[in-house]
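Here's the letter readout for the chains.
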Amino acid sequence: QVQLVESGGGLVQAGDSLTLSCAASGGPVSTYTMGWFRQTPKKEREFVAVIDWDEGHTHYADAVKGRFTISRDNTNAMVYLQMNSLKPEDTAVYYCALIRRLDVTIPITANEFDYWGQGTQVTVSS
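Residues numbered from 1 in each chain as written. Predicted model: local features only at pLDDT ≥ 70, side-chain atom pairs only at ≥ 80, totals over all residues. Heavy atoms only, no water.

Moving on, we get to the overall build of the chain. Tallying secondary structure elements over the chain gives zero helices and 11 strands in all. Taken from the N to the C terminus, the helices and strands of the chain come in the order β-β-β-β-β-β-β-β-β-β-β. Computed over C-alpha atoms, the radius of gyration of the chain comes to 13 Å, within 12% of the 14 Å expected from 2.2 N^0.38 for 126 residues, which places it in the range of a compact globule. Summarising its shape, the C-alpha atoms of the chain cover approximately 40 × 25 × 25 Å along the three principal directions. Carbon and sulfur atoms make up 47% of the accessible area of the chain, which totals about 6400 Å². The distance from the centre of the 10 positive side-chain charges to the centre of the 14 negative ones in the chain is 6 Å. (Helix = DSSP H or I, 4+ residues; strand = E, 2+ residues; numbered from the N terminus. Rg over C-alpha atoms; globule rule 2.2 N^0.38 Å. Areas by Shrake-Rupley, 256 points an atom, 1.4 Å probe, with all protein chains shown as cover. Lys, Arg positive; Asp, Glu negative; His and termini not counted. Charge placed at Lys NZ, Arg CZ, Asp CG, Glu CD.)

See below:
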């Protein structure tokens, strides 16, 4: 069974940058699509970004496009979310997630993902 562990969350000021990491273990990931969601205090789980493991094709939510970058490290089975120009509205618990296929299309919902990490808190102060 695949396990996902996020890290890198923290407290930052508006305009700062932060990088989240997600380590995948417990199985092969070469044919998977991985991504990031975020959960607000209103319990809304919002799509952020996805990347397919093989070719590195990416998709982003409109709210983060141009500011966030998702990437992966094939050697170490890691996926990252580089967040630049952070805004207070980016504050949320960020979750790493995985789908066991490569042909993912947007829009995509949280219930389509097969595995989830524990989440890491990102708080952006104004």
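Now that the structure has been shown, the text picks up again.
Let us look at the pattern of salt bridges. Oppositely charged side chains can form a pair if their charged atoms are brought close together. With the rule as written, the count across this model stands at seven salt bridges. Across the salt bridge formed by Arg-100 and Asp-114, the nearest N and O atoms sit 3.5 Å from each other. Of this pair, Arg-100 sits in the loop between β9 (92–99) and β10 (115–116) while Asp-114 sits in the loop between β9 and β10; the two residues are 14 residues apart in sequence, bridging distant segments of the chain. Look at Asp-114 and you get partly exposed, because its relative accessible area is 34%. The residue Arg-101 makes a salt bridge to Asp-103 at a minimum N-O spacing of 3.6 Å. (Salt bridge = Lys/Arg side-chain N within 4 Å of Asp/Glu carboxyl O. Buried < 20%, exposed > 50% of the residue type's maximum accessible area, 1.4 Å probe, protein only.)

Throughout the structure, instances matching the rule amount to five aromatic pairs. A connected cluster of aromatic rings, assembled from ring pairs, spans Phe-37, Phe-47, Tyr-95, Phe-113 and Trp-116. Arg-45 extends its terminal NZ or CZ atom over the ring of Tyr-95, reaching a point 4.2 Å from the ring centre. The ring centre of Trp-116 lies 4.6 Å from the NZ or CZ of Arg-45, which sits over that ring. (Phe/Tyr/Trp six-rings, centres within 6.5 Å; stacked < 30°, edge-to-face > 60°. Lys NZ or Arg CZ within 6 Å of the ring centre and 35° of its normal.)

Before going further, it helps to spend a moment on the pairing of strand β3 (residues 18–25). Pairing between strand β1 (residues 3–7) and β3: five bridges, direction antiparallel. Bridge pairing in β3 places Val-5 opposite Ala-23. As defined by bridge partners, β3 adjoins strand β8 (residues 78–83) across six bridges and the pair is classed as antiparallel. Residue Thr-19 lies in a different strand from β8, and its bridge partner there is Gln-82. (Pairing = 2+ DSSP bridges.)

Examined against the element boundaries, Asp-90 turns out to sit in the loop between β8 and β9. On the basis of relative accessibility, which here comes to 0%, the residue Asp-90 falls in the buried class.

Bringing the state of the cysteines into the picture now. The full count for this structure, using the stated rule, is one disulfide. Put simply, Cys-22 and Cys-96 are joined by a disulfide, and their sulfur atoms are 2.1 Å apart. Sign of the S-S torsion, about -80° for the bond between Cys-22 and Cys-96, identifies this disulfide as left-handed. Here the residue Cys-22 occupies a position in strand β3, and Cys-96 occupies one in strand β9, the gap between them amounting to 74 residues. By relative accessible area, which is 0% here, Cys-22 ends up buried. (Disulfide = S-S within 2.5 Å.)

Functional significance is not addressed by these values, which are geometric in nature.
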